[in-house]
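Fold and geometry: a report
Listed below, chain by chain, are the residues.
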Amino acid sequence: MASSSNIYSAPALTFELVARCSTTRARASILTLPHGPVQLPMFMPVATQASLKGLTPEQLEETGCRLCLNNTYHLGLKPGQEVLDAIGGAHKLQGWKHNILTDSGGFQMVSLLKLATITEKGVEFLSPHDGSPMLLTPEHSMSLQNSIGSDIMMQLDDVLVTTSPDKARMREAMERSVRWLDRCIVAHKNPDRQNLFCIIQGGLDLEMRRECCREMLARDTPGIAIGGLSGGEAKMDYCRVVEACTALLPDLKPRYVMGIGYPEDLVVSVALGADMFDCVWPTRTARFGNAVTKHGVLNMRNKKFANDFGPIEDGCGCMCCRSKLDGGMGISRAFVHHNASKETVAAHLLTIHNVFYQLNLMRGVRQSIIEDRFPPFVREFFAGLYSEKTEYPEWAVGALKGVGIDLTSE
Amino acid sequence: MFEILKSATADVGAARLGRLALGNHRVMETPNYLAVASRGVIPHLTPENMERYTAFDAAYMAIEDFLDKNPPPIMKMSKDTPRNLHSFTSFPTERAIVLGPRRFPAVTTPVGNGVKHLSIFTSTGFRNLTIAEFTKVIETTQPQIAIPPADLFHTSTTPPAKRQVRMVDRTEEWVDEFFHLADPQGRLKELGVSVFAPVLPVEYPLQWDYLRHLSEDVRESLSGLAIYDVNLLPELVNYPPLLSLPRLAFGPSKSPQDLLRQIALGVDVCTVPFVNVMSDAGVGLDFTFPPPETQEIHPLGIDMWTPDHATSLLPISEGCKCYTCTNHHRAFIQHLLNAKEMLGWNLLQIHNHWLLSEFFAGVRKVLSEGSARFEECSRNFSAVYESELPLGTGERPRARGYHFKSIAGQTRINEPSWQAYEGDSKPTSGSDTAAEPPVAPSA
């Protein structure tokens, strides 16, 4: 039974640390949110506009997903705040019984809108509807996320590409993010049923990251995100930042690294002590005809799959790969090839497979942590992806060595 | 295989109730409809969603959808495994596949059919299909029902009589060659493949001899008729051996009124492409049979794009038991269409197919009460509902090459969704709505 020393409770969540890897910083935990418990570490698929790319909520549920993302920016435009208020939030809009996490909307301002400018007030941008100037403030972001009713809300942060050489601007962004968190906390109307997570900024400067950690932790949000990453920085730098931050974070709060989704990145980040991840890559790459498998990414449009009547991935337990006898659809590579970029059904099928792959990978990671065999799991994972140890990416070998797993040994 | 349960008068030119055994213990109650598949799928529906949320018994597939490669992958499947087309398309085993040479409706080919071949359109271009190749595909894929090639209209639907005579002659030759190669009473029967012979859309005086041939010479090889012009149905009275065969109609079927007319003429199974068309148009079908008792004129469907649905928590059709109507609401569908999320079309497709299944169930129920009642309800249906399906106002899902034949200088049917405000901003990661892969250009 869990003792109180491994449980943290906030008004709208409970975090229970279930197990720790005896070698690395990996952890297994249960995060109980307003719409039910989720098992960490976990990957969260991105249902940008309140739908996961052609899947019904039931199909998403079947992959094992109990927490998915919606994007505040997109829902703010369509269907818009008034509609969300009238309907009663995003859960009711999309018929999703489980948890939703929303970003603050700030990242899209920067990634999709070239003309966004950031001031102390907030993010100024031109409306994609009519080109009129608009302002997204921490208060407005909170108001939108309150209307959405997400189980986890993210603070509005000042996002800067990590590779920016401008140290002064980086410091300004980090400090502003802290000030904006304070404004978010004040503006947040439903702390009893919606969790607000802070986002640690500071680019690749580890000292700045540590300073930001201390400031953010002082605000005592129920969960903590590490932001600004996955923007093109070197993987080694990425690992150093995650490692530096997790070293300072409390054990009994969930840690979310934003925008991470490649299988190798997930496994290494778990070893570095992170719990939650999201990325559009698995679903986007599905629409490009790519299947994510334990042996790497396969492009189903390649003609070598035209006559391949085997499943997308041997031994996979998703609805596509399981045979009809096993309650699945019994989809073959040949059939996906036949319809890839011709009928949207091929994209739906690969989306189901890829989301299942990501969630199942994390289920495997979690189970291995609980059974304290995470290091051998990691070795097996890399052995599945590469035929030779010499092909292992250097950054992963280095990062894992730092937490006690030597991939080159044995 | 086909049993007529109830029929008025002389059996021709009158609606009838029946049961069509499709193998795998599935029995189709008739009148009923065939869903139209594209490249082996009902557009927008994964096989599991189709199995769970739709009720139709069978789908129509086209051989031309599977012949884009050389050699075609389906021909690489083992002849010794049953129902290869079901395996290839992961189609539910208990539902039937009706396989014909061309899509319905088919894209007009630049050159018409030849003496020994059909002209077809695959995703990689136009090519010829010989009767021998057609036969091989049927033997390998093993659909429940095969429709041998017919020499149908090319560009004109009213060609000169000489051309019509040639259509009849060729079709007869092709059907005979197919029977010769495939042996319907031997090999095909072992494989569980039934044959529905084509009845051409040409004037009766020009094809009476072909019909006589079907009726007298090859009747034993036939399990049904594929009728390309329902107006010919009354003439079948001249061929009593053909009367007990199930009749599968290929249009015209642009509205439920057309379907009622087909049924009234004695069609047992209607092929209905307008369901898919309506889903793509963002229209949720909304009609019942028998029709409601009302003085108002009702539209046959609801345009789900319009902003008045934005906060509506109503189902598409009041009282509809489909997955979409019991789990989601108009506001979500309107949002999905507006945001161009693929799920919008999926949900509409589920609803529209469900609604059509219910429509046919209603038709059968009314027919069981007598043909006078059916005629009365059909008249009321025409009085209560508008005569045409709504067009829909929004953008369609992206059209593919095999959906239409492109013309030089054609404009895009949909505008690109995300554009830079000024100049050159490139989409970056972070949003799932950015760049999509390019679509293969049409042939």
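Residues numbered from 1 in each chain as written. Chains lettered and ligands numbered in written order. Predicted model: local features only at pLDDT ≥ 70, side-chain atom pairs only at ≥ 80, totals over all residues. Heavy atoms only, no water.

- As recorded in an unreviewed UniProt entry, chain B goes by Queuine tRNA-ribosyltransferase accessory subunit 2 and comes from Cylindrodendrum hubeiense.
- Of the comments in the UniProt record for chain B, the one headed Subcellular location (unreviewed entry) reads "Cytoplasm".
- Within the UniProt record for chain B, the comment given under Sequence similarities (unreviewed entry) is "Belongs to the queuine tRNA-ribosyltransferase family. QTRT2 subfamily." (UniProt positions renumbered as here; feature names shortened; annotations may be inferred.)

- Naming follows an unreviewed UniProt entry, where chain A appears as Queuine tRNA-ribosyltransferase catalytic subunit 1 of Cylindrodendrum hubeiense.
- The record held by UniProt for chain A lists under Subunit (unreviewed entry) the comment "Heterodimer of a catalytic subunit and an accessory subunit."

Quick look at the UniProt feature "binding site: substrate" (unreviewed entry) in chain A
Residue and element names in this part refer to chain A.
- Residues given the UniProt feature "binding site: substrate" (unreviewed entry) here are D103, S104, G105, G106, F107, D157, Q201 and G228.
- Structurally, the position occupied by G105 is in the loop between strand 7 (99-102) and helix 4 (106-112).
- Judged by its relative accessible area of 1%, G105 is buried.
- Setting aside residues up to four positions removed in sequence, G105 forms contacts with T72, Y73 and L136.
- Tracing the backbone shows D157 in the loop between strand 11 (152-154) and helix 6 (167-187).
- Since its relative accessible area comes to 6%, D157 is described here as buried.
- If we skip the residues at most four places from it in the chain, D157 touches S104, S177, W180, I199 and Q201. (Helix = DSSP H or I, 4+ residues; strand = E, 2+ residues; numbered from the N terminus. Buried < 20%, exposed > 50% of the residue type's maximum accessible area, 1.4 Å probe, protein only. Contact = heavy atoms within 4.5 Å.)

Remarks on helix 6 (residues 204-216) of chain B
All names here are of chain B.
- Compared with the 18 Å implied by 1.5 Å per residue over 13 residues, the 17 Å span of helix 6 between its first and last C-alpha is a close match.
- Taken as a whole, helix 6 carries its principal kink of about 25° at Y210.
- Of the positions making up helix 6, those classed as buried are Y204, Q207, Y210, L211, H213, L214 and S215.
- If you follow the buried residues of helix 6, they end up packed against helix 4 (161-182), strand 10 (194-199), strand 11 (224-227) and helix 7 (240-243). (Expected span 1.5 Å × (residues − 1). Bend = angle between axes of the 7 residues up to and from the residue.)

Notes on the UniProt feature "domain: tRNA-guanine(15) transglycosylase-like" (unreviewed entry) in chain B
- In the numbering adopted here, UniProt assigns the feature "domain: tRNA-guanine(15) transglycosylase-like" (unreviewed entry) to residues 14-385 of chain B.
- Taken end to end, residues 14-385 of chain B has its terminal C-alpha atoms 23 Å apart, with 37% of it in helix and 16% in strand.

A short note on the interface of chain B and chain A
- Every contact between the two is made by 64 residues of chain B and, on the other side, 64 residues of chain A.
- Of the roughly 5500 Å² buried at the junction of chain B and chain A (both faces included), carbon and sulfur atoms supply 56%.
- Connecting chain B to chain A are two salt bridges.
- For K53 of chain A, the salt bridge identified is with E341 of chain B, shortest N-O distance 2.8 Å.
- On inspection of chain B and its partner chain A, the count reaches 21 residue pairs in polar contact (both at pLDDT 80 or more).
- Every element with two or more residues in the side of chain B that touches chain A is listed here: helix 1 (47-53), helix 2 (84-89), helix 10 (323-327), helix 11 (330-338) and helix 12 (343-368) of chain B.
- Here the residues of the side of chain B that touches chain A are counted per class, giving 27 nonpolar, 24 polar and 13 charged. (Buried area = accessible area lost by both parts, 1.4 Å probe. Salt bridge = Lys/Arg side-chain N within 4 Å of Asp/Glu carboxyl O. Polar contact = N/O pair within 3.5 Å; in protein donor to acceptor, adjacent residues only side chain to side chain. Nonpolar A, V, L, I, M, F, W, Y, C, P; charged D, E, K, R; others polar.)

As for the sheet that holds strand 11 of chain A
Residue and element names in this part refer to chain A.
- Pairing within the open sheet is parallel, and its eight strands lie in the order 5-15-14-13-12-11-7-6. Two strands in the sheet have a free side with no partner beyond their single neighbour: strand 5 (42-44) and strand 6 (67-70). When strand polarity is set aside, the average angle formed by the axes of neighbouring strands in this sheet is 25°.
- Relative to strand 13 (residues 223-226), strand 12 (residues 195-200) runs parallel, the two sharing four bridges. Counterpart to F197 in the pairing with strand 13 is G223. (Pairing = 2+ DSSP bridges. Axes fitted to C-alpha atoms, helices over the stretch in contact; angles between N-to-C directions.)

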